[in-house]
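As a plain string of letters, each chain reads:
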Amino acid sequence: MTDRLPSDAERALYRQVLEQGGRVMFREAMQQDAAATLRLIEIGLLIHHAVDESLSAVNPRAVADRLSADLREAAIRKLANSQRTSAQLEDLVHAYDLALRRPDRAHAVERVNDRRQIRHRIMQIESEMHEETLAAQPGGARPVGQMRQALQRSLDFLARGIGLRTLYQPGALADPPTVDYAATVSAGGERIRVLDEPFRRMLIFDRRIAIISASPDDNHAAFVEDPAVLATLIDLFERDWARAARIDWHALAGRPRDTGVPKEVGALLAQGLTQRAIASRLGLSERTVAAHIARLRELYDAETLFQLGWQLRGTPE
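Structure report, in brief.

The rules behind the values
Residues numbered from 1 in each chain as written. Predicted model: local features only at pLDDT ≥ 70, side-chain atom pairs only at ≥ 80, totals over all residues. Heavy atoms only, no water. Helix = DSSP H or I, 4+ residues; strand = E, 2+ residues; numbered from the N terminus. Buried < 20%, exposed > 50% of the residue type's maximum accessible area, 1.4 Å probe, protein only. Areas by Shrake-Rupley, 256 points an atom, 1.4 Å probe, with all protein chains shown as cover. Expected span 1.5 Å × (residues − 1). Arc of directions from axis to C-beta. Pairing = 2+ DSSP bridges. Contact = heavy atoms within 4.5 Å. Axes fitted to C-alpha atoms, helices over the stretch in contact; angles between N-to-C directions. Phe/Tyr/Trp six-rings, centres within 6.5 Å; stacked < 30°, edge-to-face > 60°. Polar contact = N/O pair within 3.5 Å; in protein donor to acceptor, adjacent residues only side chain to side chain.

To continue, consider the overall build of the protein chain. When you go through the protein chain residue by residue, the secondary structure sums to 14 helices and 11 strands. Burial status across the protein chain gives 46% buried among its 317 residues. Element-wise, carbon and sulfur atoms account for 52% of the exposed surface of the protein chain, whose accessible area totals about 16,000 Å².

So this is what it looks like as C-alpha cells:
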C-alpha cells in the first residue's frame, strides 16, 4: 500500500498549500497540478469543501494513523509497511508544524470572524480527533448540500470508533431530510437527542477544544482551549443531554429497526467480555467491534458498556 503515499510532486503541492495558510481554492490547485490535487484529496491530506470550492490541508499525523490502520488490517505480510508509514510522512508533519505553528493554547480563547476560516479550522481539528465529538446544533433544517457532506464525515468518524453525540431542537423533527439524516447516522452509532429549550451552537472535540458560535449568523466563533472554561462547557452539554428527549429516528423516518450487529457481539457483551476480548474471539478488528458496540449503545441508550451488557442480559436472542 505504499503507492498510497504522496509522490514528490504531491508533496510539493501540499507544501505550497501550507505556505498559503493551509487553504486554497480548488480551481487554483487544479490549474497548477490537477493530478497531484486529486491524489492529495484521495489520500486525505487535502479536504475539498463543496460549499465554496476550496481545499484545506489537514494534519499528516491523522493521515498516517489512518493509513497505518488500513495496512495493519490488510495482512500480516504488510505490517512492516504500516510501521513505516508515520516515518514516511514525517517530512510533511514537519512542514505542517512549521507553517501553522501556534503558541501554547492551554489557556487561550481565540475569536475567528470569518465563516470560511471557521470551517477550515474545524476540518483541521476533526482530522486530529480520536475519541468523541459533542455537538449542540440548534435550529431546524440545514441546507441539503451541507447535510450530505456532514453525513459522509459522520459515518467515517463512526467507522473509526469515534463517539458522536448531538443535540437538536424540536424543529428538526418536522424536517424530513434531517430526520432521514438522523436515522442514517443513528444506525451507524451516533446518538441524537432533542431538547425543547434554547441553547447555543457548540462543538467539543475530544474534550480538549470547543468551538462556540459568537454571533446570530454564525459568522463569528470562539475557539476555546482553556481547561477551566472547557470543563464548564462540557458540564453544560451533559446537563442538557440528560434533560433531552430520546427519539426513535428509525421509526420517524419509516424505516425498519435493524442494527446490523452480529448477534454474537451482543451475546458476548452480555457475558461481560471486553471490546478487545470480543474482537479476539470473533476474529474482528477492535475498530469493527467498537462500531458494533456504538450501534447497540444507541439502540439501548446505554451510557456505559456495563449498562449495555446488563440490558443485553435481559434481551431474548
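Glancing now at helix α1 (residues 8-19). Every α-helix carries 3.6 residues per turn, so stepping three or four residues along brings you back to the same face. Here α1 spans 17 Å end to end across 12 residues, near enough to the 16 Å set by a 1.5 Å rise per residue. Regarding α1, the residues found buried are E10, R11, L13, Y14, V17 and L18. Mapping the buried residues of α1 onto a view down its axis gives an arc of 160 degrees, with all of them on the same face. When the buried face of α1 is taken as reference, the exposed residues oriented beyond 90 degrees from it are D8 and E19. After α1 finishes, the residue G21 shows a positive phi value of roughly 95 degrees.

Our focus in this paragraph is helix α13 (residues 286-300). The end-to-end C-alpha distance of α13 is 21 Å, a good match for the 21 Å that 15 residues give at a rise of 1.5 Å each. Turning to α13, its buried residues are V289, A290, A291, H292, I293, A294, L296 and E298. Count one or two residues on from α13 and you reach D301, which has phi positive near 50 degrees.

Now for the sheet that holds strand β9 (residues 209-213). The 8 strands lie next to each other as β4-β10-β9-β8-β5-β6-β7-β11, forming an open sheet whose pairing is mixed. Single-partner strands in this sheet number two, and they are β4 (109-112) and β11 (245-246). Note: strand β6 (residues 163-168) against strand β7 (residues 191-194), 4 bridges, orientation parallel. The residue of β7 that forms the bridge with L167 is R193. Lying over the sheet, helix α9 (residues 227-243) contacts β5 (132-136), β6, β7, β8 (202-205), β9, β10 (221-224) and β11, oriented at roughly 70 degrees with respect to β6.

Time to look at the packing of aromatic side chains. As enumerated under the stated definition, the model contains 2 aromatic pairs in all. Summarising the aromatic geometry, the rings of F237 and W241 are spaced 6.0 Å apart at their centres and angled 20 degrees between planes, so their arrangement reads as stacked. Taken together, the positions of F237 and W241, both in helix α9 and 4 residues apart, correspond to about one turn of that helix.

We now examine the side chain of S186. On the secondary structure map, S186 appears in helix α8 (residues 176-188). Of the polar contacts made by the side chain of S186, one reaches the backbone oxygen of A182; its length is 2.6 Å. Setting aside its immediate chain neighbours within four residues, S186 contacts I192, W249, H250 and E298.

What follows covers the environment of R23. Within the secondary structure, R23 is located in strand β1 (residues 23-25). Through-space distance from the C-alpha of R23 to that of V58 is 9.7 Å; in sequence the pair is 35 residues apart. Discounting chain neighbours no more than four positions away, the residues touching R23 are V17, D52, S54, L55, S56, R116 and H120. Engagement of the side chain of R23 in a polar contact is seen with the side chain of D52, the distance being 2.9 Å.

As a further point, take the sheet that holds β1. The 3 strands lie next to each other as β1-β3-β2, forming an open sheet whose pairing is antiparallel. One side of each edge strand has no neighbouring strand; the edge strands of this open sheet are β1 and β2 (46-49). When the angles between neighbouring strand axes are averaged without regard to direction, this sheet yields 25 degrees. Inspection of the sheet shows β1 paired to strand β3 (residues 54-57) by 3 bridges, in the antiparallel sense. Looking at β3, one finds that M25 is bridged to S54. Running at roughly 95 degrees to β3, α1 makes contact with β1, β2 and β3 of the sheet.

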